[in-house]
Each structure stands twice: as C-alpha cells, then as structure tokens.
Amino acid sequence: MTALTLQLLAPPSPRIDLSAFTPDGLAGQSADEVRRLPLWVGNQQVETGDLFRVTGDDTDAILIRSDSDRLDGIGTGMTRGSIRVEGRAGAYLGRRQRGGAIAVTGDAGPFAGSGMSGGTIRIGGDAGDFLGAAIAGERRGMRGGRIEVLGNAGDRVGDHQRRGQILINGNAGDYCGSRMVAGTILVLGRTGINTGLAMRRGTLLLTAEPNLPPTFNDNGTQQLAFLALLTRDLATAGGPFEQLKSRGTRVRRWLGDLGYGGQGEVLVWG
Amino acid sequence: MVINGIEIEDTFAEAFGMNATRLIITAINPRWARIAGETMTGFATSVIGCGAEAGIEAELAPDQTPDGRPGVSVLLFAMSGKELEKQVERRVGQCVLTCPSTACFAGMTSEKPVPLGKNLRYFGDGWQSSKQIDGRRYWRVPVMDGEFLCEETTARTSAVGGGNFLVLARGLPEALAACEHAVAAIRRRPNVLLPFPGGIARSGSKVGSKYKALMASTNDAYCPTLRGLVKSQLDADIGAVLEIVINGLTEADVREATRIGLETICALGPESGVVRISAGNYGGKLGQYHFHLREIIG
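Here the residue index of a chain counts from 1 through its sequence in written order. Chain letters and ligand numbers both follow the written order, the letters beginning at A and the numbers at 1. Thresholds applied to this predicted model are a pLDDT of at least 70 for local features of residues and 80 or more for the giving and counting of side-chain atom pairs; totals over whole chains, interfaces and linings are not thresholded and use all residues.

### Considering the overall build of chain A
Which entries qualify depends on this criterion: Secondary structure elements are taken from DSSP: a helix is a run of H or I of four residues or more, a strand is a run of E of two residues or more, and numbering for both begins at the N terminus. Here the radius of gyration uses the C-alpha set of atoms, whereas the globule reference equals 2.2 Å times the residue count to the power 0.38. Counting other C-beta atoms within 10 Å of each residue's C-beta, where C-beta atoms are placed from the backbone, gives the exposure class: buried for 20 or more, exposed for 12 or fewer, partly exposed between.
Along the backbone of chain A there are three helices and 17 strands. For chain A, whose C-alpha radius of gyration is 19 Å, the value lies close to the compact-globule estimate of 18 Å for 270 residues. On the principal axes, the C-alpha backbone points of chain A span a range of 60 × 35 × 25 Å. The buried share of chain A, reckoned over its 270 residues, is 50%.

### Some details on the overall build of chain B
Here is the rule: Contact between residues is assigned whenever the C-beta positions, reconstructed from backbone atoms, fall within 7 Å.
The helix and strand inventory of chain B stands at seven helices and 17 strands. Taking 19 Å as the expected radius of gyration for a compact globule of 298 residues, we find that chain B reaches 21 Å, a close match to that expectation. Seen along its three principal axes, the alpha-carbon backbone of chain B occupies a region of about 65 × 45 × 30 Å. Across chain B, every contact between residues at least 6 apart in sequence was considered, and the portion connecting residues at least 24 apart equals 73%.

### Some points on the pairing of strand E9 (residues 136-143) of chain B
All names here are of chain B. Defined as follows: When DSSP finds at least two bridges between two strands, those strands are taken to pair.
Across five bridges, the pairing between strand E8 (residues 129-133) and E9 is antiparallel. By the bridge assignment, glutamine 132 is partnered in E9 with arginine 137. Where E8 folds back onto E9 in an antiparallel hairpin, the turn is made up of two residues, including aspartate 134, whose phi is positive at roughly 55 degrees. The pairing of E9 with strand E10 (residues 146-151) spans six bridges and is classified as antiparallel.

### As for the packing of helix H5 (residues 172-186) of chain B against helix H6 (residues 251-268) of chain B
Residues and elements named next belong to chain B. Worth spelling out the cut-off: Axis definition: a line fitted to C-alpha atoms, limited for helices to the stretch in contact. Angles are taken between N-to-C directions and run from 0 to 180 degrees. Geometric relationships in this document are graded by angle, where less than 35 degrees denotes roughly parallel, more than 145 denotes roughly antiparallel, 65 to 115 denotes roughly perpendicular, and other angles denote oblique. Each crossing gets its handedness from the near helix: less than a right angle anticlockwise from the far helix is left-handed, clockwise is right-handed. When residues are grouped by polarity, Ala, Val, Leu, Ile, Met, Phe, Trp, Tyr, Cys and Pro land in nonpolar, Asp, Glu, Lys and Arg in charged, and all others, Gly among them, in polar.
Two elements in contact, H5 and H6, have axes whose closest approach is 8 Å; the angle formed by their N-to-C orientations is 140 degrees. In terms of axis orientation, H5 runs oblique to H6. Note that H5 runs across H6; the crossing there is right-handed. Residue-level contacts link Ala178, His181, Ala182, Ala185 and Ile186 of H5 to Ala257, Ile260, Gly261, Thr264, Ile265 and Leu268 of H6. Residues of the contact of H5 with H6, tallied by class, amount to eight nonpolar, three polar and no charged.

### As for the interface of chain B and chain A
Counting from both sides, the interface comprises 14 residues of chain B and, opposite them, 13 residues of chain A. At the level of elements, E8, E9 and E10 of chain B are the ones that each hand at least two residues to the side of chain B that touches chain A. With four residues, E8 of chain B is the largest single contributor of residues to the side of chain B that touches chain A.

### With respect to the domain arrangement of chain B
A common measure of how large an interface is: the accessible area buried when the components associate. All names here are of chain B. So the rule is basically this: Domain start and end points were adopted from an automatic or database domain assignment.
The domains assigned to chain B are domain 1 (2-15 + 159-297) and domain 2 (18-157). A C-alpha centroid distance of 31 Å is found between domain 1 and domain 2. Of the residues lining the interface, eleven residues belong to domain 1; the matching set on domain 2 comes to 14 residues. At three residues, strand E11 (residues 153-169) tops the list of elements feeding residues into the side of domain 1 that touches domain 2. Looking at side-chain class alone, the side of domain 1 that touches domain 2 contains nine nonpolar, two polar and no charged residues.

### Some remarks on the environment of aspartate 10 of chain B
Residue and element names in this part refer to chain B. Along the chain, aspartate 10 turns up in the loop between strand E2 (6-8) and strand E3 (12-26). Residue aspartate 10 is classed as exposed on the basis of its 11 C-beta neighbours within 10 Å. Sequence separation of aspartate 10 and histidine 292 is 282 residues, and the distance between their C-alpha atoms is 7.5 Å.

### Comments concerning the pairing of E3 of chain B
Residues and elements named next belong to chain B. Counting buried positions along E3 yields 13 of 15 residues, so the element is predominantly enclosed. For E3 and strand E17 (residues 289-292), the ladder comprises four bridges, and the chain directions are antiparallel. Bridging across to E17, alanine 13 finds its partner in phenylalanine 291. With eight bridges joining them, E3 and strand E5 (residues 71-78) adopt antiparallel strand pairing. Within E5, the residue paired with threonine 26 across the bridge is glycine 71.

### Re the domain arrangement of chain A
All names here are of chain A. Domain boundaries in chain A define domain 1 (1-60) and domain 2 (73-269). Summarising the inter-unit geometry, the C-alpha centres of domain 1 and domain 2 are found 30 Å apart. Opposite the eight residues of domain 1 that make contact, domain 2 presents twelve residues. Partitioning the side of domain 1 that touches domain 2 into residue classes produces two nonpolar, two polar and four charged.

### A word on unusual backbone geometry
All names here are of chain A. Each neighbour pair has its own omega, and for glycine 256 with aspartate 257 the value is -5 degrees, a cis peptide bond. Looking at the secondary structure, you find aspartate 257 in the loop between strand E16 (250-256) and strand E17 (264-269). With a phi angle near 55 degrees, arginine 179 is a residue other than glycine that sits in the positive phi range. The topology assignment puts arginine 179 in the loop between strand E12 (163-168) and strand E13 (184-187). The phi dihedral of alanine 198 is positive, around 65 degrees, even though this residue is not glycine.

### Quick word on the confidence of the model for chain B
Put simply, the test is: As a per-residue measure, pLDDT reflects the predictor's confidence and takes values from 0 up to 100.
Summing up the model confidence of chain B, the mean pLDDT is 96 and the portion of residues at 70 or higher is 100%. If you check the scores for this complex, the pTM reads 0.93 and the ipTM reads 0.92.

### Things to note about helix H1 (residues 30-40) of chain B
Residue and element names in this part refer to chain B. Rules: Think of it as the arc spanned by the lines of direction from the helix axis to the C-beta atoms.
Within H1 the residues assigned to the buried category are Trp32, Ala33, Ala36, Gly37 and Met40. Seen end-on, H1 carries its buried residues on one side only, within an arc spanning 140 degrees. Of the surrounding elements, those touching the buried residues of H1 are E3, strand E4 (53-60), E5 and helix H3 (81-96).

### Regarding H5 of chain B
Residues and elements named next belong to chain B. The cut-off we apply is this: Expected span of a helix: the number of residues minus one, times 1.5 Å.
The terminal C-alpha atoms of H5, which comprises 15 residues, lie 21 Å apart, in line with the 21 Å expected from a rise of 1.5 Å per residue. Regarding H5, the residues found buried are Glu174, Ala175, Ala178, Cys179, Ala182 and Ile186. Summarising the axial view, the buried residues of H5 lie within an arc of 120 degrees, below the 170-degree limit, and thus occupy one face. Facing away from the buried side of H5 by over 90 degrees, the exposed positions are Pro173 and Ala184. Taken together, the buried residues of H5 touch E11, strand E12 (192-193), strand E15 (240-248), H6 and strand E16 (274-278).

So, in structure tokens, the structure goes:
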C-alpha cells in the first residue's frame, strides 16, 4: 500500500475546498474513484483528476503535494489516519479535527486548527492568523489536541481557545491568547502587543518578556509543579519542544485579565 | 513436610476479594514523600476497624515519578469500591493535601475511576484550576506553600486480601526475628502490602466470640498462655506465634509473597528458634482464595 497522493497539477486561482479529502471521507475508495470526486473551482464543478494527479491506494495516509496557499480545509473533521502536505496549506487546516495527524512541511493559512478537539497538527513553516482560534460566529476555538508550529504564527493565536496545546517555536503576533478560556499556549520566540487580552483562564508560557495589557498583575516568581508534567509531555512532540524540561519549573507569573476574572496566567521562564 | 528442620503444616491460608488502588505521592525530597505516605497509611492495618488497609509499597526515584521528584507509591485496599473511594478522599485530603511540598498522582490505570483531586479541588474555593496533560486531568489547588498538584482520578482494581502464614517459634524474640527477615524479603516485591505494624500481627483472630457484639476474637488455639485450657494447636516447645498477613493486587502476587516469606524463614533453619509454620483459615468456607502452604513451597 502506498499513500494516496494528490499532486496539484497547476496552481488554481480560486480557493479550493479540500475538506472531503480525509482518511474518513475517502475510506474504501480507489485512486480512480478519488479522481472522479467533484470539486468546485469558483462556480464550476470539475473532477478531482482535472486538478490533481492522483496515485496510490492507502486512504489512511494521504499525501498532498502543493505549492499553492489556496487549498483550504485540509483534514476537516478527520478522526484518524494521517495527512501529509508537502508544500503549503490554505486556510482552515485541520478545522474541527478530532484525531489523527496532519503534517505540513511549509506554511499554513489562517484559522489552522480552529475548532479542533483532538489529534495533532504540525506546521513546518509559519502559521497564519487565528491559529487554533474560533471562527466568527463560534464561541470556542481549539478544544483539544496539539498544534506545533516550527516557524512563526500570526495574530490572535488561540483566540477563544478552550483546551489543548499550541506550541510555537518562533514568534507569535499580536493578541496572542486573547479571550482564551483554558488550555496552554507556548511561545519560544517573542509575542506582540496585548498578549492575553481578555483571557479568562488558561496558560501562556513564554520565554521572552511579554507586552501585557495593564489589566495583568504581577504574581512574582513561582515554582509550579505542573510545568514538570507539561515539559515531560512536550518531550514527545520532539524537535524544539523536546528539551524544555531543562528550563525547570520556576517562572515569573502574571495573572489576568483582571477585567475577566483574572484566573489566566502568563508564565515566563527566566 | 519438613524443610531445613522447620515443619510446614498441611494447611492453607484463606483470602478474600478486595478492591485496591495505588497512589504515587511525590515531594521536595524522599523524607517528605515518606512522611506523607506514612501519614496517609497510618491507622490502616485492618478493614475491620480502619476502613482500609494501606501502606507504602516502594520508594520511587525521581525518574520513576510523573513530576520527576522523589516519591513513594502507596497501596490502599478496602472491601468495596465505595469504601475505597471514601478512604482515598479522606486520607489524601487530610494527610497529603496538608503535607508540605507534596503532589499526588494515580498509580494505576483501569476502567474504574476513583476520585482523587476531583473533589479535593474544592478546597481551592474557586481559585483551583485544571490542566489536561497527555489525556489526563490534573488539579492545581492554591495552598500556602504554592500549589497542591493532584490528578483528577486514580483507578481501582479487584485484589486479594488476607493471605497469611503463622510462624511458631520457641519464644517471642525468635518468632519476631524470623518474621522481620520474611517481611524485609517480601517488601522488596511490588504489588504486595503487609498491612500490620512492621508487617507483623500478633493478634491473630478467629471468627466469632462469646460476646455477641464481636465478630472476631483472639485465636485461642494459638495463644501460648491458653495451652492446657483450650484445644490448643501449640506443642509444649512453642512459646510465641506471629502472623504475617499479605494483601496483593492479584492472587499470584499473594502466592509469590507467601512463597518468599516461607522460603526466607525456612532458610534460617531450626537454630533460629522457628519450629513450625502454619496458616489461618476459616475452614475454607468464607474466602474465595486458598493458599496451601505445602503446595506453594513444594
């Protein structure tokens, strides 16, 4: 069995919705059947085979080769198996993902991991804005699982996040962790302005001094035992997140947003 | 059957089904982990009066604990799942939550959860917060030395309690020394608890009493001071009898612990003052597990 592979033939100009191409959605289908699946390009319906060269037969391990940033909704609602994107992914990567693993070697567009409740997303390049955030009209962003970004992330990381882990090796943009309800965001680089604005609970774990809103209070230096559990768990993520245990459990802690109960925490490793 | 000059009586120990759980307690150093473990397993020799039988199973090195600190693993046995839940909550709440620097984690997994931090978290008066890490939920309860970190639940499993053997020796010092050797050897094994003080009981009991209020009373047949008065099991050369009671997570654990205990004592030989090894049972009618001494050591 070889991975079911979709190789993009030419970059499309409209956005393409690839949400149906998950291990769950394609289960039991042959490459031939996949080729005949309908896809919308603008207002025209075409067959998948018109846009992609489809080979392979293992629908539990899907490989997408694309340099376009217009393939949206990759891995939507998937519960198992794996999707690997060699190249870039569009918006809504892993939207409402419930299980399985998504890996993108390049960049991903906005709203990656929005509404996800399980599984993992690994982005080798940069992530767009609203990583693990709620889309307009939804009350909650990410609800579980883990997102790893080896590059940088855009603004509003984890907006309305409810649970789960977002790990960013590079920098995060403005309003990181805004309106967060719970969960954990780790940023090994720097964060932008208004970090944690309107967060209710949850943890922002940083390595650089954040730019916090005035509604955060200094809690001093604290030794937090749960960091030992967290860093031990993150060691399974590998890569830059593997060696965090050596940073210890002592952190500088800020509490906020005091306008929203103040039970959120921003922790900075010294 | 005589092994190395010590007689093994043709009898069996009778044991019962119990419920058990394992907790892992960590602390700032081994001393405080042990203090927490000892405190929460104090007054836990017999379910009859203590509600639970509990003890420290092993000391754990930092690389054996969830949070990388030194710790102890604790085994707790009770007659029912409900009683076990009650005992875990009380003992962790009063003895671990209160103990400086400790954290408390589940020491086993199964489909039967036992609340741990689930209810203790309310001590946080609303300031408690939870973290889900690797699919497990932990509670962070603010306390005066920082945070009490406690896993939401532990798990319980069906277990075996009441395996035992009796050591009959020429006198008390001899019986005690032999039992201490056996306890030390058995305690090197995991999954086993010797609930009595120092692992040894002197007040072996029989079912029933002349007093209606008592369910159990002294095992008169093995009391040296009643020899000549009751139907004694003790020959003239026996001056003291001590009992080692063994609880285990499985029947095999109890069997293996019994074997280790018997072999350790037999290896001491007759010079140790041990004359005979027997076991306590109720005619085989009450307990679902029987451990025949000769079969085990044979």
